[in-house]
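Survey of secondary and tertiary structure
Each chain is listed here by its residues.
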Amino acid sequence: MSNIFDTVIVGSGSAGSILANRLSEDTSRNILLIEAGNDYSNLESIPENVYYGHGNLEMPASQELDPHNWAYKGESTKDGPFIRIPRGKVIGGSSSINAQILLRGVREDYDRWAEFGNEHWSFEKVLPYFKKFENDIDYSNEDYHGNSGYIKVKRVPEQEWDDVHRAFYNSCVDYGFPACPDHNKPDSTGVGPLGFNQIDGVRQSTSITYLADIRHRPNLNIKSNAYVKKIIFEGTKAIGLELESNNQKFNIYSDDIIISAGAIESPKLLLNSGVGDPEKFIKHGINPVIDLPGVGKNLRDHPMLYVAWEPTEGYTNPKTNYSRVAMGLRYTSNNSNFINDMIVYMNSSTRNNGNPEVPEGIKANLTLNLEESSGEVFLNDDNPDDYPKLSYNYLSTENDINRFIEGIKILEKIGEHNEFQKYVGEMLHPDISIRKDDKLLKKWLHGKMVTGHHSSGTCKMGNDPLAVVDQSGSVIGAQNLKVVDASIMPDCIRANTNATVMLIAERIIDLW
Ligand SMILES: Cc1cc2nc3c(=O)[nH]c(=O)nc-3n(C[C@H](O)[C@H](O)[C@H](O)COP(=O)(O)OP(=O)(O)OC[C@H]3O[C@@H](n4cnc5c(N)ncnc54)[C@H](O)[C@@H]3O)c2cc1C
């Protein structure tokens, strides 16, 4: 049977949409982009919550009802509660539902990737690709920024900072943290406005940017509402995909298959296709194709804790079109060898949108930006086609726990600053009865971790025994098969992941 498509990409998210754009620049190459969720083929048809980025990190209580959200559940800590794990199920993937903070990792993140056997991914090698995808409106003349890429980036101008963000900023500076006007300047640290890929309220998802522009190309085919269930192999050569659309099954064949289904679905798809540790799938009757023990391991994330204060009487939420989470503090924890291993997103909204994981009050989202703990993705025990089992394993080391305790103490001090005191009263989450006893606090923390939304690393690239792909994204031991998305990060970077996923897509193409 002859193949209609030269390349098939599974998943139209942050990575998949960029690959579809770049690969279809060659008009002789016929590309198929498959997406499990809906497509909206013109800007006018995009639902409001996908088009506009409201910018809050809290997902609404009803996320399970949102057709654009996979709405997974994951086990937070060992024996800890199950937490919500949102992921985009729509054209543009998670870039269509995310909070649009655009932050690059630190130089050392990419240099570590290079040390792990990926010499093409050092900071020096990746910087040109950060510049390639971005159009930084505030810093267009700086040589470390791009000014003509698809993704526009802006910060809230200083004169428009809301009261809480300004007070947090001033308190942090008085506390001794450096002012940081541009968090994406290499080697920066401290407090300052976060960059957003949101312009006039409109999210700069990869669908609204990279895809909207190229839909006229006759060699780009988009098949939405189609779920890929398995990779078809001939020996170790990938030759096609089994997919389901409207309850009908189809097989599609191609000599070039790219999986960009994200850090949860990509390992699931590999395991369901017999790629991974056979122990994980043989019990489901799936035949082993390639023994790669790393598939699904190394689940990295940024565990997050909502620290919340009671607002002072009369406090009203700022009326702004900007994100309520627009100010960030990056700092290095005491005795850490890793710069910026912590981040705080200051959140001036007292709302929790009815989400039981989020306390009410003015919040500082205290986040471990480089955890030591790591988790794992498994197939669902009862049915491998169903939602996978996600074990995040947060707080499995003393150092991870202690950095949260230190962070709470820093925030206590910042909260006592006289300018901040204009807006916040007592810290309520955790309250004093818990804060005064470190043992109690440790126990409390185990029940309060939520995701920072940065699942990654589950098909990591490198050349160690747990590596799943090489540094050009090719699945080790397979032919015609690549993985390109957040799952191939060897380790999670010390930043929100979207910028780095877009970087991965732009960079990797030049390695093919
Ligand atoms: C609520 C939320 C807030 C976030 N906030 C930020 C932020 O402010 N800043 C930031 O930098 N990052 C943020 N992130 C993280 C960031 O958006 C992701 O890391 C990034 O988008 C991941 O890109 P990806 O290409 O790996 O996967 P995705 O963008 O998730 O794309 C995967 C795509 O594959 C599709 N798919 C999956 N399985 C299949 C299958 N079997 N068949 C067909 N299609 C399939 C999915 O539907 C999806 O469209 C946030 C994420 C979430 C969920």
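Residues numbered from 1 in each chain as written. Predicted model: local features only at pLDDT ≥ 70, side-chain atom pairs only at ≥ 80, totals over all residues. Heavy atoms only, no water.

**Thoughts on the environment of E310**
Relative to the helices and strands, E310 resides in strand 17 (residues 303-311). In sequence terms E310 and G361 are 51 residues apart; their C-alpha atoms lie 5.1 Å from each other. Beyond its immediate stretch of four places on either side in the chain, E310 contacts Y423, V424, G425, E426 and L428. (Helix = DSSP H or I, 4+ residues; strand = E, 2+ residues; numbered from the N terminus. Contact = heavy atoms within 4.5 Å.)

**Points about the domain arrangement of the chain**
Structurally, the chain comprises domain 1 (7-60 + 86-102 + 203-295 + 455-509) and domain 2 (156-200 + 300-451). Each partner contributes to the interface: domain 1 provides 38 residues, whereas domain 2 provides 42 residues. At the junction of domain 1 with domain 2, the criterion picks out three salt bridges. Residues K280 and E376 are paired through a salt bridge, measuring 2.8 Å at the closest nitrogen-oxygen approach. Our enumeration of links across domain 1 and domain 2 arrives at 21 residue pairs in polar contact (both at pLDDT 80 or more). Counting residues per element, the side of domain 1 that touches domain 2 draws most heavily on helix 7 (residues 262-272), at seven residues. Along the lines of polarity and charge, the residues of the side of domain 1 that touches domain 2 split into 16 nonpolar, 13 polar and nine charged. (Domains from an automatic or database assignment. Salt bridge = Lys/Arg side-chain N within 4 Å of Asp/Glu carboxyl O. Polar contact = N/O pair within 3.5 Å; in protein donor to acceptor, adjacent residues only side chain to side chain. Nonpolar A, V, L, I, M, F, W, Y, C, P; charged D, E, K, R; others polar.)

**Quick look at the site of the ligand**
The ligand sits among 39 residues. The nearest are S14, E35, S94, T497 and N498. Residue S14 places a side-chain N or O atom 2.6 Å away from an oxygen atom belonging to the ligand. The contact in question runs from an oxygen atom of the ligand to an N or O atom on the side chain of E35, over 2.6 Å. Look at the ligand: alone it shows 1,000 Å² of surface, and the protein chains cover 99% of it. Broken down by secondary-structure element, the contributors of at least two residues to the shell around the ligand are helix 1 (14-23), strand 11 (226-234), helix 7 and helix 11 (498-509). Sort the elements by how many residues they give to the shell around the ligand and strand 11 lands first, with three residues. Here the residues of the shell around the ligand sort into 17 nonpolar, 17 polar and five charged. (Near = heavy atom within 4 Å. Areas by Shrake-Rupley, 256 points an atom, 1.4 Å probe, with all protein chains shown as cover.)

**Thoughts on the sheet that holds strand 14 (residues 257-259)**
An order of 10-2-1-14-25 is seen for the five strands of this open sheet, with the pairing classed as parallel. The sheet is open, and its two edges are formed by strand 10 (220-223) and strand 25 (481-483), each paired on a single side. Direction aside, the axes of adjacent strands within the sheet are offset by 20 degrees on average. Pairing of strand 14 with strand 25, which is carried by three bridges, proceeds in the parallel orientation. Bridged to I257 within strand 25 is L481. The sheet strands contacting helix 1 are strand 1 (7-10), strand 2 (31-34), strand 10 and strand 14, and the helix crosses strand 1 at an angle near 160 degrees. Helix 7 rests against strand 1, strand 14 and strand 25 of the sheet, and its axis sits at about 150 degrees to strand 25. (Pairing = 2+ DSSP bridges. Axes fitted to C-alpha atoms, helices over the stretch in contact; angles between N-to-C directions.)

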